[in-house]
Amino acid sequence: HTVAITGSSGSGAYASIGTHHPLRANNLKTYKVLNHQHTPEIEQTLRLACTRAGQEPGFSLAFVPVSAPLVRGILATTFVPVADDHDDKSIAKLFEDYYREATFVRVLGSKVQAEVIAVKGSMYVDLSWTLGPPADGLRQLVVTTALDNLVKGGAGQAVQSMNLMFGLPEGQGIDAPAMWP
């Protein structure tokens, strides 16, 4: 299950009554619950990640997007049941190993939670997690990610991909720090 809170810049190319800032201010609302157009590509990416990690990609995604009163940014919280033999060290190793080569992913761990303001204006994705106590052979792993969808979105990814295609350093021209604090 994933709940993703997004600012108005993630609302698409066309204005609508629901994306108008005076109506978004001081409001949170769900939309396209369990029926969002990006669900198939999220599932595809997750299946690929499972396969790369040597895991069976058997899962289902329940995706609930939430419209928030901010302009840019996405904060996604995902709930994953894991075997109760996992601990903070094994979860930390999993994320650190997987994202070791990911130039713009900062693995924060379990001590500091990801937040949108810390990545605003940057290509970075911050990732944090919390591991719940064992119960009935499982533990609840809560993974939180934050990104600036304007920079990390299509334009930033295009520059990152172009850099790689031309043999340039991956972060050239897009490695600016966030605008925080």
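Quick note: structure is the one above.
Report follows, based on the coordinates. (Residues numbered from 1 in each chain as written. Predicted model: local features only at pLDDT ≥ 70, side-chain atom pairs only at ≥ 80, totals over all residues. Heavy atoms only, no water.)

## Digging into the overall build of the protein
So, point 1. Each helix and strand counted, the protein has four helices and seven strands in total.
So, point 2. Taking 181 residues into account, the globule formula puts the C-alpha radius of gyration at 16 Å, and the protein, at 17 Å, falls close to it.
So, point 3. Taken along the three principal axes of its C-alpha coordinates, the protein extends 45 × 40 × 35 Å.
So, point 4. The buried share among the 181 residues of the protein stands at 32%. (Helix = DSSP H or I, 4+ residues; strand = E, 2+ residues; numbered from the N terminus. Rg over C-alpha atoms; globule rule 2.2 N^0.38 Å. Buried < 20%, exposed > 50% of the residue type's maximum accessible area, 1.4 Å probe, protein only.)

## Remarks on the nonpolar core
So, point 1. Among the nonpolar cores identified, the biggest contains nine residues, and these are V82, I91, A92, F95, L127, W129, L131, L141 and V143.
So, point 2. Those elements giving two or more residues to this core turn out to be α3 (88–98), β6 (125–131) and β7 (138–147).
So, point 3. Look past the residues within four positions of L131 in its chain and what remains in contact with it is V82, H86, D87, D88, I91, R139, Q140 and L141.
So, point 4. Counting residues in hydrophobic clusters, the runner-up holds eight residues, among them F104, A114, M123 and Y124. (Core = buried A, V, L, I, M, F, W, Y, C linked by side-chain atoms within 4.5 Å. Contact = heavy atoms within 4.5 Å.)

## Section: the sheet that holds strand β1 (residues 2–6)
Strand pairing in a sheet relies on backbone hydrogen bonds, with the paired strands running either antiparallel or parallel.
So, point 1. If you walk across this open sheet you meet the seven strands as β2-β3-β1-β4-β7-β6-β5, and the pairing is mixed. A single partner strand is all that each edge strand has here, and the edge strands are β2 (29–30) and β5 (105–109).
So, point 2. As defined by bridge partners, β2 adjoins strand β3 (residues 63–67) across two bridges and the pair is classed as antiparallel. In the sheet register, K29 faces β3, and the bridge partner there is S67.
So, point 3. Across the sheet, α3 is in contact with β5, β6 and β7; its angle to β6 comes to roughly 160 degrees. (Pairing = 2+ DSSP bridges. Axes fitted to C-alpha atoms, helices over the stretch in contact; angles between N-to-C directions.)

Honestly, it's all geometry; don't read function into it.
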